[in-house]
Protein chains: 2
Amino acid sequence: MHPLNIVATAALGISLAGSALGAVAIRPATAVAYRQGLYRAILWNFVPMSEMVRGRLAWNHQGFAQRAGNVAFYSTQLLEGFTPGSITARSEAKPEIWRNWADFSAKMKNFEDASAKLAEISRNGNESATKQAFRQVAMTCKACHDHYRRN
Amino acid sequence: MHPLNIVATAALGISLAGSALGAVAIRPATAVAYRQGLYRAILWNFVPMSEMVRGRLAWNHQGFAQRAGNVAFYSTQLLEGFTPGSITARSEAKPEIWRNWADFSAKMKNFEDASAKLAEISRNGNESATKQAFRQVAMTCKACHDHYRRN
């Protein structure tokens, strides 16, 4: 076994065989775990922003802007995780995603754009404008989930 | 129910109650899901870099640099997920993390620093220097896992 393979396998705790991203096929379970991981990270940042917007957590301009920046980054990483037909028992993705890829990716782009705008607006520190931009992001979440996520 | 709460709950599919990050306590399962999600996202980017370093995937300078940048970002987000004592059946974290927090967070900082350096070096496009920097990152993974992750 190549030394680096030993390092990587020991360090990462998985076999690298069969998951050569960009080379051959990615296993559906790997893609599902990846994108669900990103959604978890988005949620982790989204919840405190939501709590601030609704006044259940003290308004923290800098904290909000940082979380908005995080979500903006994650939003750009999601689409790659929807490899063709990658559905497993754990997945909440509907097969319609790949039948309507242009629409799905457009909805994802709306999320990316709204998140980028929220990150920018929140850095300016206008609380009212930030709250409005946050609601726009939430609507782009819902627009996609309504069509492409199992309930 | 507040309209935004409806939106958020519908869009995100979870109850927001009890997970007001930054306010009260975060449930261990929430923290575990968050940090495991980040590790999945790191792995997703790490594997193709590893495959390139080992010559099993064609060297792609731009692709490598982009993935290195992704990992550098994720590395800075991990520590927040290790809320005090957050261990569940799904978690591979050892309780030693919180008994040796200074050492654990120093090891995490090593990972952040090595990842940032890899991102910077890989942007410059020197293949040999990039490979060396990648191996350094892999060692910082292993250094932490050896002490603080259950096998």
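Below or above, wherever it landed, is the structure these notes cover. (Residues numbered from 1 in each chain as written. Chains lettered and ligands numbered in written order. Predicted model: local features only at pLDDT ≥ 70, side-chain atom pairs only at ≥ 80, totals over all residues. Heavy atoms only, no water.)

**Some remarks on the overall build of chain A**
Next, step 1: Tallying secondary structure elements over chain A gives 6 helices and 0 strands in all.
Next, step 2: Reading chain A from its N terminus to its C terminus gives the helix and strand order α-α-α-α-α-α.
Next, step 3: Expressed as a percentage of its 151 residues, the buried residues of chain A come to 51%.
Next, step 4: Residue pairs in contact within chain A that sit at least 24 positions apart in sequence constitute 70% of those at least 6 positions apart. (Helix = DSSP H or I, 4+ residues; strand = E, 2+ residues; numbered from the N terminus. Buried < 20%, exposed > 50% of the residue type's maximum accessible area, 1.4 Å probe, protein only. Contact = heavy atoms within 4.5 Å.)

**Section: the pattern of salt bridges**
Next, step 1: Tallying each qualifying case throughout the model produces 16 salt bridges over all chains.
Next, step 2: A salt bridge links A:Glu51 to A:Arg54, with the nearest nitrogen and oxygen atoms 2.5 Å apart. Across this residue pair, the class does not change: A:Glu51 and A:Arg54 are buried.
Next, step 3: For B:Lys131, the salt bridge is made with B:Glu127, and the minimal N-O distance between the two is 3.0 Å. Separated by 4 residues within a single helix, B:Lys131 and B:Glu127 lie in helix α6 (residues 127-148), roughly one turn from each other.
Next, step 4: Taking relative accessible area as the criterion, B:Lys131 reaches 19% and is therefore assigned buried.
Next, step 5: Shared partners join several salt bridges into a network, and the residues in it are A:Glu51, A:Arg54 and A:Arg56. (Salt bridge = Lys/Arg side-chain N within 4 Å of Asp/Glu carboxyl O.)

**Describing the packing of aromatic side chains**
Next, step 1: Applying the stated criterion across every chain yields a total of 22 aromatic pairs over all chains.
Next, step 2: Here A:Tyr74 and B:Phe73 contribute two aromatic rings whose centre-to-centre distance is 5.6 Å and whose plane-to-plane angle is 75°, an arrangement assigned as edge-to-face. Of the two residues, A:Tyr74 is situated in helix α3 (residues 61-75) and B:Phe73 in helix α3 (residues 61-75); the pairing between them involves two chains. B:Phe73 carries the same exposure label as A:Tyr74, and that label is buried. (Phe/Tyr/Trp six-rings, centres within 6.5 Å; stacked < 30°, edge-to-face > 60°.)

**Structural notes on the side chain of B:Gln77**
Next, step 1: With respect to the helices and strands, the residue B:Gln77 is situated in the loop between α3 and α4 (96-99).
Next, step 2: Judged by relative accessible area, B:Gln77 falls into the buried class, the value being 9%.
Next, step 3: A polar contact is formed between the side chain of B:Gln77 and the side chain of B:Thr76, at a distance of 3.1 Å.
Next, step 4: Leave out the neighbours within four places in its chain, and B:Gln77 touches A:Asn70, A:Tyr74, B:Tyr34 and B:Leu38. (Polar contact = N/O pair within 3.5 Å; in protein donor to acceptor, adjacent residues only side chain to side chain.)

**Observations regarding the packing of helix α2 (residues 28-53) of chain A against helix α6 (residues 127-148) of chain A**
Residues and elements named next belong to chain A.
Next, step 1: Here α2 crosses α6 at 130°, and the two axes come no closer than 11 Å. Looking at the two axes, α2 sits oblique to α6. Considering only the axes of α2 and α6, their crossing is left-handed. Of the residues in α6, those touching α2 at Phe-46, Met-49, Ser-50, Met-52 and Val-53 are Lys-131, Phe-134, Arg-135, Val-137, Ala-138 and Cys-141. (Axes fitted to C-alpha atoms, helices over the stretch in contact; angles between N-to-C directions. Parallel < 35°, antiparallel > 145°, perpendicular 65-115°, else oblique. Left-handed = near helix turned anticlockwise from the far one by under 90°.)

**What about the environment of B:Asn126?**
All names here are of chain B.
Next, step 1: With respect to the helices and strands, Asn-126 occurs in the loop between α5 (101-124) and α6.
Next, step 2: A C-alpha to C-alpha distance of 8.5 Å links Asn-126 and His-61, two positions 65 residues apart in sequence.
Next, step 3: At 2.9 Å, the side chain of Asn-126 and the backbone nitrogen of Ala-129 are in polar contact.

**What about the nonpolar core?**
Next, step 1: One finds A:Tyr74 and B:Tyr74 to be the most contacted residues of the largest nonpolar core, which totals 71 residues.
Next, step 2: For this core, the secondary structure elements donating two or more residues are α2, α3, α5 (101-124) and α6 of chain A together with α2 (28-53), α3, α5 and α6 of chain B.
Next, step 3: Leave out the neighbours within four places in its chain, and B:Tyr74 touches A:Tyr34, A:Leu38, A:Phe73, A:Tyr74, A:Gln77, B:Leu38, B:Ala41, B:Ile42 and B:Asn45. (Core = buried A, V, L, I, M, F, W, Y, C linked by side-chain atoms within 4.5 Å.)

**Some details on the environment of B:Leu43**
Next, step 1: The topology assignment puts B:Leu43 in helix α2.
Next, step 2: Here the alpha-carbon distance between B:Leu43 and B:Ser91, two residues 48 residues apart in the chain, equals 17 Å.

**Focus: the environment of A:Gln132**
Residues and elements named next belong to chain A.
Next, step 1: For Gln-132, the position within the fold is in helix α6.
Next, step 2: The exposure class assigned to Gln-132 is partly exposed, which follows from its relative accessible area of 42%.
Next, step 3: Spatially, the C-alpha atoms of Gln-132 and Ile-121 are 9.8 Å apart, while their sequence positions differ by 11 residues.

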